[in-house]
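# Residue-level structural notes
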Amino acid sequence: MPCLVSEYYGSIADFNTMTASLSLVVFISSVLVLVNAKCPSFFVEYNSACYYVANNRVNNVNDAFRTCYSLGGYLMNIDADAENSYIVNKIKQQPTIFDGYWIGGFFNGQNWVWQKTDKTGNIVDIFMNPGEGQYKNWGPRQPNAIGVVYQPFVAIMVRYRPVPYRWYSERRALNMPGGMGYICEADWQPEP
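Residues numbered from 1 in each chain as written. Predicted model: local features only at pLDDT ≥ 70, side-chain atom pairs only at ≥ 80, totals over all residues. Heavy atoms only, no water.

## Some words on the packing of aromatic side chains
- Under the counting rule described, the total for this entry stands at 13 aromatic pairs.
- Ring centres 5.9 Å apart and planes at 40 degrees place the aromatic pair F43 and Y52 in the tilted group.
- Judged by its relative accessible area of 9%, F43 falls in the buried class.
- Summarising the aromatic geometry, the rings of W138 and W167 are spaced 5.7 Å apart at their centres and angled 80 degrees between planes, so their arrangement reads as edge-to-face. Remark: W167 occurs in strand 8 (residues 166-170) and W138 occurs in the loop between strand 6 (123-127) and strand 7 (153-157); sequence separation between them is 29 residues. Judged on exposure class, the residue W138 and its partner W167 are both buried. (Phe/Tyr/Trp six-rings, centres within 6.5 Å; stacked < 30°, edge-to-face > 60°. Buried < 20%, exposed > 50% of the residue type's maximum accessible area, 1.4 Å probe, protein only. Helix = DSSP H or I, 4+ residues; strand = E, 2+ residues; numbered from the N terminus.)

Here it is in structure tokens:
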């Protein structure tokens, strides 16, 4: 496609009018894409799901749950290596990388589960049993939900853990020097 600037020979005023019109068309196209989007605002589509890697800090996992819900999603559930790799790459591309990112796994007192909100707003637990064939990316000696320190929530930790970008069980109000972010997921809505 030829470059508009190299082939335009009119006046500067005409050029400014033309570029303003093009900007308006680009803006209108962007708005139309957002209106017809398959994902909520701020989310990016990947492999028939929608993801949002937050670039803001939360005080605890409860704040992360509430924020994802208010955006139309839930804390992320990771089902496959490709999904985990995609999210780790998204984290590495963030302008601010936190010490860790909350995801939707937690220990319910008996089992490790992913928690999500279904289309009707109900909270649903999806079991992630360590002995079964489900995908998992735990760090060394993880998960750790029993013992002296009760750590029932799952985060992808970037710093201050033996192996970065792995899952670690953490406390609800983990106080890390670089803060904690969160990753939301939302159900992808196919176009009608």
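## So, the pairing of strand 4 (residues 100-107)
- For strand 4, the tally of buried residues reaches 8 of 8 residues, placing the bulk of the element in the interior.
- As defined by bridge partners, strand 4 adjoins strand 7 across 4 bridges and the pair is classed as antiparallel. Residue W102 lies in a different strand from strand 7, and its bridge partner there is A155.
- With 3 bridges joining them, strand 4 and strand 9 (residues 180-187) adopt parallel strand pairing. By the bridge assignment for strand 9, Y101 is matched with G181. (Pairing = 2+ DSSP bridges.)

By themselves, these observations are geometric and do not establish any function.
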